[in-house]
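# Geometric and topological summary
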Amino acid sequence: MRYNTRYNIRKARKKGIEVTAFGKDRLDDWYSLFEETALRNNLEILGKDYFAHVLEDGDAQGVNSRLLIAEQNGELLAAMILVLSAKRGTYLFGASSRSNKQLMASYALQWEAIKLSKAHGCVEYDMFGCAPGLIPSHPLYGVHLFKKGFGGKLYHRMGCWDYPINEDVYQQVKMGELTSVG
C-alpha cells in the first residue's frame, strides 16, 4: 500500500468517518448516491431492483453480498457493494458524494471492505477493473490511481463474468444469445 493511501485512511478515521455494513435496509440511500455518481460520471443507471436482487440473492448463489456505507455524523459520503465468496472479496459497485471529498471516505470504505473480506476468510480482494494503463486522458485514470494506491497486482482477464440473480432466467437468456449468434 502506498504511503498516501495509508495517510488518507488514517485521515478519514481522524475526521470521524464511520463505515458500517448493511443489507437491503439502506438500499434507498445507496441508490440515491449511485444515481448521483452515475450522472456525474456518465455511467449507465441500473434500476434499484437490480441492486436489491444482488443484495438479497447472494446467499442463494453461494456468496454473501453486503452494502457498506461511509458516513460522517449521519451524512452519507460513499458506499459500495461488496461480494464475499469462499476465497475472494470483490468490490462490485461503488458510489460517492461530490461533497466533502477531503474527508477521504472512499479510502475508509475500501479499507473496511478489505478487512471484512479477510475476516470472512478471503485470501484475495478484487477491486474489479481499472483503466487500461496510466493514461491521464482516460476517463478512469483517477479511479486507476486510487485503486493502485492500495497495492496488489494487476491482472488482465478476458471478458466479463456473469452474476446470475435468477438461474432459470439466466439460462434462458444464455440460450437465446447462443441461438441469435448464428
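Residues numbered from 1 in each chain as written. Predicted model: local features only at pLDDT ≥ 70, side-chain atom pairs only at ≥ 80, totals over all residues. Heavy atoms only, no water.

We now examine the sheet that holds strand 4 (residues 88-96). Ordered by their spatial adjacency, 5 strands build an open sheet running 1-2-3-4-5, and the pairing between neighbours is mixed. The open sheet terminates on both sides in strands that have one partner only, identified here as strand 1 (18-22) and strand 5 (124-126). Direction aside, neighbouring strands of the sheet carry axes that sit 25° apart on average. Where strand 2 (residues 64-72) lies against strand 3 (residues 75-84), 9 bridges are found, and the strand directions are antiparallel. Of the residues in strand 3, the one forming a bridge with isoleucine 69 is alanine 79. Across the face of the sheet, helix 2 (residues 27-41) comes into contact with strand 2, strand 3 and strand 4 while running at roughly 70° to strand 4. (Pairing = 2+ DSSP bridges. Helix = DSSP H or I, 4+ residues; strand = E, 2+ residues; numbered from the N terminus. Axes fitted to C-alpha atoms, helices over the stretch in contact; angles between N-to-C directions. Contact = heavy atoms within 4.5 Å.)

A separate point is the pattern of salt bridges. Opposite charge on two side chains permits pairing when their charged atoms draw close. Going through the model one piece at a time under the given rule, you end up with 6 salt bridges. The partner of lysine 48 in a salt bridge is aspartate 28, with the nearest N and O atoms 2.7 Å apart. In this pair, lysine 48 sits in helix 3 (residues 48-57) while aspartate 28 sits in helix 2, placing the two residues 20 residues apart along the sequence. (Salt bridge = Lys/Arg side-chain N within 4 Å of Asp/Glu carboxyl O.)

Keep in mind these numbers describe shape, not what the thing actually does.
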